[in-house]
Structure formats: C-alpha cells, structure tokens
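The residues making up each chain are set out below.
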Amino acid sequence: MSGVFNTSFDFAKQADKNDELAHFKKQFHFPKKDGKDVIYFCGNSLGLQPIAVEAAIQTELQSWRDVAVGGYFGGTNPWLYYQDYMKVSLAKIVGCKEDEVTVMNTLTVNLHLLMLSFYKPTSERFKIIMEAGAFPSDQYAVETLVRHFGLDPATAIIEIAPKPGEKILYTEDIIDTIETHGNSLAMVMFGGMNYYTGQLFDMKRITEAAHDVNAIAGFDLAHVVGNIPVHLHEWQVDFAVWCSYKYLNGGPGAVGGVYVNEYFASDVRTPRLGGWWGNDEKTRFKMEKGFIPKTNAGGWNISTAQVFNMVCLKASLQMFEEADIEKLRVKSLQLTAYLEYLLHQLPNQKFEIITPVDSEWRGAQLSLYFTERGKEIHDKMIESGIIVDYREPGVIRVAPAPLYCSFGDVYTFYEILRDHF
Ligand SMILES: *Cc1c(COP(=O)(O)O)cnc(C)c1O
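**Q** For this particular structure, what's the right way to read the nonpolar core?
**A** What tends to happen in soluble globular proteins is that the nonpolar side chains get buried as a cluster. Residues Phe-190, Trp-242, Leu-343 and Phe-413 are the most contacted members of the largest nonpolar core, which totals 110 residues. The leading source of residues in this core is helix α11 (residues 307–323), at 10 residues. Two domains share this core, each providing at least three of its residues, namely domain 1 (2–44 + 324–420) and domain 2 (58–321). Apart from the residues within four sequence positions on either side, Phe-190 is in contact with Ile-129, Met-130, Glu-131, Ile-160, Leu-169, Ile-174, Phe-201, Ile-206, Gly-218, Phe-219 and Asp-220. In this structure, Ile-128, Met-189, Ala-222 and Trp-300 belong to the second largest nonpolar core, which totals 32 residues.

**Q** What exactly am I supposed to notice about helix α4 (residues 107–118) here?
**A** One turn of the α-helix equals 3.6 residues, which is why residues spaced by three or four share an orientation. Relative to the 16 Å expected for 12 residues at 1.5 Å per residue, α4 spans 16 Å between its end C-alpha atoms, a close match to the ideal helical length. Where α4 is concerned, the buried positions are Leu-107, Asn-110, Leu-111, Leu-113, Leu-114, Met-115, Ser-117 and Phe-118.

**Q** Honestly, the pattern of salt bridges in this entry has me stumped. Any pointers?
**A** Working definition: two side chains of opposite charge can pair if their charged atoms are close together. Overall, the coordinates contain 23 salt bridges when judged by the stated rule. Across the pair Glu-262 and Lys-97 runs a salt bridge whose closest N-O atoms are separated by 3.2 Å. Placement of the pair is Glu-262 in helix α9 (residues 262–265) and Lys-97 in the loop between α3 (87–94) and β6 (101–104), with a sequence separation of 165 residues. Here Arg-373 ties to Glu-376 by a salt bridge, and the two come within 3.0 Å at their closest N and O atoms. Residue classification places Glu-376 among the partly exposed residues on the basis of a relative accessible area of 40%. Beyond isolated ion pairs, a larger network of salt bridges with shared partners links Asp-389, Arg-391 and Arg-397.

**Q** Please clarify how helix α2 (residues 52–67) should be interpreted in this entry.
**A** End to end, α2 covers 23 Å across 16 residues, agreeing with the expected 22 Å (1.5 Å per residue, within 8%). All buried positions along α2 are accounted for by Val-53, Ala-56, Glu-60 and Ser-63. Buried residues of α2 fall within an arc of 85° about the axis and therefore sit on the same side. Opposite the buried face of α2, by more than 90 degrees, sit the exposed residues Arg-65 and Asp-66.

**Q** Explanation requested: unusual backbone geometry in the structure shown.
**A** The phi torsion of most residues other than glycine is negative, and most of the peptide bonds are trans. The peptide bond linking Glu-392 to Pro-393 adopts the cis configuration, its omega dihedral lying at 5°. Turning to its location among the elements, Pro-393 is positioned in the loop between β16 (389–391) and β17 (395–398). The phi dihedral of Asp-34 falls on the positive side, at around 50°, and the residue is not glycine. Overall, the relative accessible area of 71% leaves Asp-34 in the exposed class. The backbone of Asp-324 shows a phi angle near 80°, a positive value even though the residue is not glycine. Within the fold, Asp-324 resides in the loop between α11 and α12 (325–344). For Asp-324, a relative accessible area of 35% gives the class partly exposed.

**Q** Could you clarify how one ought to interpret the packing of α3 against α11 in this entry?
**A** Geometry of a packed helix pair, given as the angle between the helix axes and the separation of the axes. Between α3 and α11, whose axes approach to 10 Å, the crossing angle comes to 55°. Considering their axes alone, α3 and α11 lie oblique with respect to each other. Where α3 crosses over α11, the two elements pack in a sense that is left-handed. Residues Val-88, Ser-89, Leu-90, Lys-92 and Ile-93 of α3 form the contact with α11, whose own contacting residues are Leu-317, Phe-320 and Glu-321.

**Q** Looking at this structure, how should I read the packing of aromatic side chains?
**A** Note on aromatic pairs: each is described by the distance of the centres and the angle between the planes. A full pass over the atoms with the stated rule returns 24 aromatic pairs. Consider the rings of Tyr-40 and Tyr-404, whose centres lie 6.1 Å apart with planes at 55°: the pair is tilted. Of this pair, Tyr-40 sits in strand β4 (residues 39–40) while Tyr-404 sits in the loop between β17 and α14 (407–420), placing them 364 residues apart in sequence. Both residues of the pair, Tyr-40 and Tyr-404, belong to the buried class. Seen in terms of ring centroids, Tyr-119 and Phe-149 are 5.4 Å apart; in terms of plane orientation they differ by 80°. Their pairing is edge-to-face. Pair noted here: Tyr-119 is in the loop between α4 and β7 (127–131) and Phe-149 is in the loop between α5 (136–148) and α6 (153–156), with a separation of 30 residues, a long-range link. Three or more aromatic residues joined by ring pairs form one cluster here, namely Phe-5, Phe-11, Tyr-338, Tyr-341 and Phe-407. Here the basic side chain of Arg-272 rests over the ring of Trp-300, its NZ or CZ set 3.8 Å away from the ring centre. Positioned above the aromatic ring of Tyr-390 is the side chain of Lys-375, whose terminal nitrogen or guanidinium carbon lies 5.5 Å from the ring centre.

Conventions we followed
- Residues numbered from 1 in each chain as written.
- Predicted model: local features only at pLDDT ≥ 70, side-chain atom pairs only at ≥ 80, totals over all residues.
- Heavy atoms only, no water.
- Core = buried A, V, L, I, M, F, W, Y, C linked by side-chain atoms within 4.5 Å.
- Buried < 20%, exposed > 50% of the residue type's maximum accessible area, 1.4 Å probe, protein only.
- Helix = DSSP H or I, 4+ residues; strand = E, 2+ residues; numbered from the N terminus.
- Domains from an automatic or database assignment.
- Contact = heavy atoms within 4.5 Å.
- Expected span 1.5 Å × (residues − 1).
- Salt bridge = Lys/Arg side-chain N within 4 Å of Asp/Glu carboxyl O.
- Arc of directions from axis to C-beta.
- Axes fitted to C-alpha atoms, helices over the stretch in contact; angles between N-to-C directions.
- Parallel < 35°, antiparallel > 145°, perpendicular 65-115°, else oblique.
- Left-handed = near helix turned anticlockwise from the far one by under 90°.
- Phe/Tyr/Trp six-rings, centres within 6.5 Å; stacked < 30°, edge-to-face > 60°.
- Lys NZ or Arg CZ within 6 Å of the ring centre and 35° of its normal.

Purely geometric numbers; function is a separate question.
This is how it looks when you write it as structure tokens:
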C-alpha cells in the first residue's frame, strides 16, 4: 500500500478531500489547545464526545421531568426497553444476531458475570488460558475468579507469552497451548486485541481450537469494538464483553456490551446470576417467585436500565449506523498505513513499531517503542496539541480513529517528529 503514499502535505490534503467519511469529524467536540482543536489519537482510551450527545441527554432529562415514572412505558424512548435500543447497531459492529447482544453494567463486571456462567471447573477440567500481559483488570478478574472456586491461580491460569525478544504472539503457539492442555482446559479467555501492542488475535481459529478440546472461548473486545468489524456469530464465539467508551465514544463509564452465543442465550437453563431486568418482560412486573430469563442475551441483564449510562452510547451508535463499520475499517486501514509509511520516512528515529506489520492483525493503533527520548517526544506532542498516550518504558500509542481523525492529522504528527527529533 505504501506505493500510493508520498511525504508531501498535498497528499494528505487530497486524501482528506477524497474521504467520504471526512464530515464525521465535525460531529465531535474536540478539546482545545491555544484556542485550536487538538488532534486526538487517544480514542483507544476514551473516545471524543459526539455533539449529538447533549440533545440525547436532554431528551431523557425531559422524559424524567415531564412524566417521571411514566417514562418506563411512555416518554420519547420508554426506559423499559432502553437496553434494546442499541442492539441493531451493535449486532452489525460485532457480527451477531440481535438476540445475541445486550448492554449492561461495565466491562469488568460483565467479564465476571459471563465467566461465572461459562466457567464450571471440575477436578479434571479447570484451566483458563489467557494472554500474558493482558490488561490488568482482566488479569485480576481471572485471578479472583479461580480463587473464588478455591483454585490456585498458579496451576489454573495458563498465560501465553511472546517468544523471548518478541512482542507479538503467534496463532500457532496459542493453538499449540490449547491442544497441550486439552482435557484440563475449561476456558480460553483472551483479549481480542492486546491493548499495549495493538495486536489483533485470530478469534476464529482460537475459538475453533478451544471447541476442539471442548473448552469455552470468550473474548474481551475492549480494543476491537468500533475499531475492527468482527463476526462473533459466524466464528461461534461463546461469549464476549467490551466497554463502550473507547472506539464507540459512549463516554466515561458508559454501559458495557455483552455477546452470548444464541445456543446458550436461548436456553433458560444456561447458568447465570439473575436479576429482575433479565426476567421476561411479560412476567417481570408480576413480582412472582421463580426467575424466567429472557431467551436472548438480555437474559443476563440484572438491574433496571441505567438510562444515563446508555444514552450517550445510543447517540454515538447513530454515527456508526450512518458511517458503516466496514467503510470505517477501510478508512482506518489507510490512515494507519499512512502513519506507518510516514514514520518509515524518518531515518533518524530510534523507534520500533511493536504492532504487527500485517494490517490484517491490527486496528487503528500503532504502538511506537522509542528506545530514546520517548517521554520527551510524548510531551512535545501534547504541547503541540496532539493527544497521544505514553506507557513506560517508552511506548507511545497512536490511534487515529477513522470517525474523527484525518490524513492531515497524521501528517502533523509526522511533521513534529521530522522537525524536532
Ligand atoms: C479498557 C479495558 C478495560 C477496562 O475495564 P472497565 O471495567 O471498563 O474499567 C478492561 N479490559 C481491557 C482489555 C481494556 O482494554
């Protein structure tokens, strides 16, 4: 792809002119630096605020103000069904049936709830495979889960680490590990993408390998959702969870997303921790004894819809509907390839891109490991109005989200590196 790029600013200008998704940038609020909009490459941590969010919140405030408890059945968007308003968009984004997706709680809470549904350790089959260096919250969740069952994390958790001196995992190694543990393996719980390196994992093949040994395959899609289209149903993934405040722009603490394969979701016997919101609407308000879960992913809902945690996501997903996740991915591939190309035109740079070179196995993010001056470069970017994040020991994560980042933005990042370092 690099053959199509060049280092002139005109190239960036022309690419933005040709970009049919460019107008979405105007639908976001940007923080300001010296009176100018910043360039925002941190959508992998917290997405920007869609302009439409404020009016959407006002709508719910108005329902609450005007009809109070009547808002559950009346008002503009009856709150009784609020968790369902996001199903259509989310099903497209994660590639599943509408009955397989719901929103509730937040990511780590949902990870616990879903693992409790799917992890049934026995004396023979009790191990969980995960990636070494997973996001800390996922590590803590799996560690405390196995302790909850009276097991020792040292024997119950199998972590897969890159080969010495390498940063990324090979699918073959993941599959070998799954096969090695075979009958003792209860579950594979992997990140869909590693938050640090930006490596996308082969969820299809990992799921197949897990199923071949009769283990469950679950994924944390925090860095995948809204970044890369996936096909959870087709791949027969058992469960997945994600947060909505990164690429989905749902706002800090936004409601989390949950996918449960229909095989389990449609079966009321699938174990779960229940609450009234997961009960069938037809009998929910009878307040009777006996939990009758909804026969879809909503059967995992526990508490009353957290409307003000959901409303921003609902507004934001409207943009994904208009833009189309497949088209966003096409733009994202170009933006990130352009960033990579420009970085390679900087002969004096002492850095390594630790994200996979093959664009099929990464999303928007490139993780740049600077062997020298990493922190200094990061600080210069911030001072210049470019928001990127920094992780010791020298990694700058740059994530040009295609909804609100332009080729010009990527060019500016390159210019600063070129002219100052
Ligand atoms: C962002 C992120 C989290 C955060 O979890 P919360 O429960 O939303 O705080 C957890 N896991 C991964 C992999 C993440 O990227």
